[in-house]
Protein chains: 2
Amino acid sequence: MIGKTIQPEIAELIERRDLGTVREVLLDWHPGELAELIADLPNKDQAVVFRILPRHLAADTFEYMDLDMQMQFLKELGQKEVASILNEMAADDRTAMLEELPGPVVAKLLDLLTPDERKIAQTLLGYPEDSVGRLMSPYYIAVRMEWTVQNVFEHLRNKARHNEALDMIYVVDEKGRLIDDIKLHSFVLAQLDHSVDSLMDRSFISLPVSARKEEAVRIFRKYDRTALPVIDAQQYLVGMVTVDDVIDVLEETDTEDIQKFGGMEALELPYTSTPLWQMVRKRAGWLVVLFLSEMLTATAMGYFEGEIARAVVLALFVPLIISSGGNSGSQAATLTIRAMALGEITLSDWWNVMKRELGAGVLLGMILGCIGFLRISSWSMFSDIYGPHWLLLALTVAISLVGVVLWGTLSGSMLPFILRRLGFDPAASSAPFVATLCDVTGLVIYFVIAALVLHGTLL
Amino acid sequence: MIGKTIQPEIAELIERRDLGTVREVLLDWHPGELAELIADLPNKDQAVVFRILPRHLAADTFEYMDLDMQMQFLKELGQKEVASILNEMAADDRTAMLEELPGPVVAKLLDLLTPDERKIAQTLLGYPEDSVGRLMSPYYIAVRMEWTVQNVFEHLRNKARHNEALDMIYVVDEKGRLIDDIKLHSFVLAQLDHSVDSLMDRSFISLPVSARKEEAVRIFRKYDRTALPVIDAQQYLVGMVTVDDVIDVLEETDTEDIQKFGGMEALELPYTSTPLWQMVRKRAGWLVVLFLSEMLTATAMGYFEGEIARAVVLALFVPLIISSGGNSGSQAATLTIRAMALGEITLSDWWNVMKRELGAGVLLGMILGCIGFLRISSWSMFSDIYGPHWLLLALTVAISLVGVVLWGTLSGSMLPFILRRLGFDPAASSAPFVATLCDVTGLVIYFVIAALVLHGTLL
């Protein structure tokens, strides 16, 4: 915000190569704003401005850049500059960046780290891709229960680095096992000569290092914390996850769910930085699968070719009827998938959901059925377009709509349950997937009802 | 988690009415776990367990319950108990609850608050529904720059209440205007006789009280904070927003976007607590609009009735072709809507997006076109189902697919831009909406291409 208003002035200073003044102005800026400013600058000035920042500020700014920008800077900066930035970065942000890069690049970058930082990076990278281990930072503060509050403050003065959250202090036993968490403000409110022991309640929440990131999000939401300690299988304190990383996980998983629901593989990068061929690949996969399944409609229609030839008027309502099934199905699927993602419903709720959707499906089907009936019968008052048997035709369409909408609602709501039961991601039961399923079955429902109602008249 | 394992034992203790032991056990529990435990108990035991909790713990537990449960308890508990719980609740959580209740109930509950708490609740409720004002808590810590660190600690001991975040201390001038924010741990690391002034850098991030909640989420993400101060138009410090409320806003807006994208109005309550009639109403609206629009397909098909009568085989591919447009359109719409929500693209990027989608649309269309062509020609090798002009038919289907997929991709990606430009929510360009649009236009594309290619043979 501040960045936007004085950016023209900064651009002018850069133009005049008055870098001393630029540096002075930028020293007061937040790294997030600096990253935005640099992204908005013309290409040729980006590295210039980045280079005049003090080392620590440069590293912080680098963390706020998007992956594209980071890659570009890694290429443009010298080896020494890269090493200094990497070593200054917060461990969890560095891991997040390294994860996105191709293997050989990661190896090269790891090489630039100091032995200490390399050890941290390798530890973090050793955990499975979607685990809490990848999310954690090693810069927590751990104290011992025998210490006094005074000792804790001295320890803080020595250990406090970067801007990692220090709002929680963790108490470990002599082996390094986590035994309690205490808020920093409890120490502030305590006497200096009191022991840590006297502040302890021995009740704490922790994350297992092997838990999935989504589980971490759930626990953060449940306990309203800003940071949580991470422990391994033997209860050893191995790291800390902060809420800012949890927000990123949340946005990322929601984006994945939304893209899957839109009928495609989730992108790995933001839309604007995904190369065209990669995006086409991610989209083509599902599109082809859906296309092949949708070919069944041609087969189904072929089966009813005789009926269509005898009563062409039947073909007119095919898109209307099958799309109604798809629409009601995608509503039901959305509701179920999101309720599952938020933990509002679990696998065992399938029967309750089915009962609800049965009711909703019948009601919605009847609403659309009535409208369809009225449409055909009112048109037939003024024209002969639907022939002498318009009433039977209207009846066919109305009954089909109830059946198709009910089927759409039920299959849309049950498909996520089936997918989850089989171990797949429920979000894969996308709107286009449900629509395709409803198209094929909708056709069968429509023509069977037509055969029953119109037998002896049109057919 | 802990809750689940010993719940049978607790159920047994309750059964035996050994409430003293139950109380002792529960005293160590986290309010979030208590809320879960109570929700899992049989109805008749819920109020029993809730009543034995100490007042403060009861209020905290109440905050963690879902709205349904809260309503039930408000009904079942006596006026005095309700008053005590309401007065103990954190101000922002109370506002969130009051917002969801019908007007007369809110008025009755406000009446139960102490004058102080009522003033806070009314202030918070006075801001627009989607503003930062509704989200903020009044329990921030404000200090003056003339104070010493010692003074700040004394102030903290007097003011610290509830579990609100105290990680940031705000510095205000003599009129109460915000002039800086300082981390609590900076005070811990400073000498007791130093002045607040000496810790200040006069650079801070704040939220305007009238800003939209989504804007608050964006700023939290950008600056990685756990709490931010809220100021009014005159720079006066009026509250503080904590990151746990931001996470709730994030989940809520993502849920709304997802439900809208699924082709319905967003629900106000979780899926499981939305009454059936309300859910049907939320879904019927869009379903009817889509149905009425989809009726244009019947009109369009009616226009081509002559062609269908002459070449019934054309009707067989109608669902296949129009659904391909809908599927590619819903992919493009998903990508655009999500990228907009994350701020990756803005209105001014429409031309870049259009260029990308033009490329993607042509490529995807050609992939499906080839498959369609191969399908029809290979079937025709072995059967006579598509007649003597199968090659021309295959060509018609292939060309139509390129046209329809390209149209789907372009309209799916541009519709969110158009909606936003007109001031609507881009997420309203849902998968079913895009599919319907593509159905109608897809039919026209298909039959026009058929007329051109098949003129003189089939038509």
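We now turn to the structure provided with this report. In this text, all values refer to a predicted model and were calculated from it rather than measured experimentally.

Calculation criteria
Residues numbered from 1 in each chain as written. Chains lettered and ligands numbered in written order. Predicted model: local features only at pLDDT ≥ 70, side-chain atom pairs only at ≥ 80, totals over all residues. Heavy atoms only, no water. Pairing = 2+ DSSP bridges. Helix = DSSP H or I, 4+ residues; strand = E, 2+ residues; numbered from the N terminus. Least-squares fit on C-alpha atoms with pLDDT ≥ 70 in both. Contact = heavy atoms within 4.5 Å. Buried area = accessible area lost by both parts, 1.4 Å probe. Salt bridge = Lys/Arg side-chain N within 4 Å of Asp/Glu carboxyl O. Polar contact = N/O pair within 3.5 Å; in protein donor to acceptor, adjacent residues only side chain to side chain. Nonpolar A, V, L, I, M, F, W, Y, C, P; charged D, E, K, R; others polar. Phe/Tyr/Trp six-rings, centres within 6.5 Å; stacked < 30°, edge-to-face > 60°. Buried < 20%, exposed > 50% of the residue type's maximum accessible area, 1.4 Å probe, protein only. Lys NZ or Arg CZ within 6 Å of the ring centre and 35° of its normal. Lys, Arg positive; Asp, Glu negative; His and termini not counted.

Let us now look at the sheet that holds strand S6 (residues 237–242) of chain A. All names here are of chain A. With mixed pairing, the three strands of this open sheet are ordered in space as S4-S5-S6. Only two strands of the sheet have a single partner each, and these edge strands are strand S4 (207–208) and S6. Bridge count for S4 against strand S5 (residues 227–231) is two bridges, and the pairing is parallel. Bridging across to S5, Pro208 finds its partner in Ile231.

Here the focus is the relation of the copies chain A and chain B. Mapping between the two copies of the chain is achieved by a rotation about an axis and a shift along the axis. Between the two copies, chain A and chain B, the superposition gives an RMSD of 0.1 Å; the rotation angle is 180° and the shift along the axis is 0.0 Å. Considering both components of the superposition, the chain copies are consistent with a two-fold axis.

Here the focus is the interface of chain A and chain B. Taken together, the contact pairs 112 residues of chain A with 113 residues of chain B. It is Tyr271(A), Phe291(A) and Arg356(A) in chain A that bury the most area against chain B; as a group they hold 8% of the surface buried on that side. Counting across the chain A and chain B interface gives 10 salt bridges. Taking the shortest distance from any N to any O, the salt bridge between Arg221(B) and Asp248(A) comes out at 3.4 Å. Between chain A and chain B we count 30 residue pairs in polar contact (both at pLDDT 80 or more) in total. Here the side of chain A that touches chain B gets 18 residues from one element, more than from any other, and that element is helix H16 (residues 276–303) of chain A. Residue composition of the side of chain A that touches chain B, grouped by class: 63 nonpolar, 26 polar and 23 charged.

Counted according to the given criterion, the structure contains 15 aromatic pairs over all chains. Note on Tyr446(A) and Phe447(A): the rings are 5.2 Å apart at their centroids and 50° apart in plane angle, and the pair reads as tilted. For the pair formed by Tyr446(A) and Phe447(A), the shared burial category is buried. Counting every residue linked through ring pairs, the aromatic cluster contains Tyr303(A), Phe304(A), Tyr446(A) and Phe447(A). Across from the ring centre of Tyr271(B), 5.1 Å away, lies the NZ or CZ of Arg356(A), which sits over that ring. One cation-aromatic arrangement involves Arg375(A) over Trp379(A); the distance from NZ or CZ to the ring centre is 4.0 Å.

So, about the pairing of S6(A). All names here are of chain A. Counted residue by residue, S6 has five buried out of six residues, so it is predominantly covered. Pairing between S5 and S6: five bridges, direction antiparallel. Bridge assignment links Val230 to a residue of S6, and that residue is Gly239. Hairpin connection between S5 and S6: a loop of five residues separates the two successive antiparallel strands, and Gln235 in this loop has a positive phi of roughly 75°.

Within the secondary structure layout, Asp439(B) lies in helix H22 (residues 431–454). No salt bridge is formed by the buried Asp439(B); the nearest opposite charge belongs to Arg375(A), separated by 14 Å. Excluding anything up to four places from it in sequence, Asp439(B) contacts Ser323(A), Glu294(B), Thr297(B), Ile322(B) and Ser323(B).

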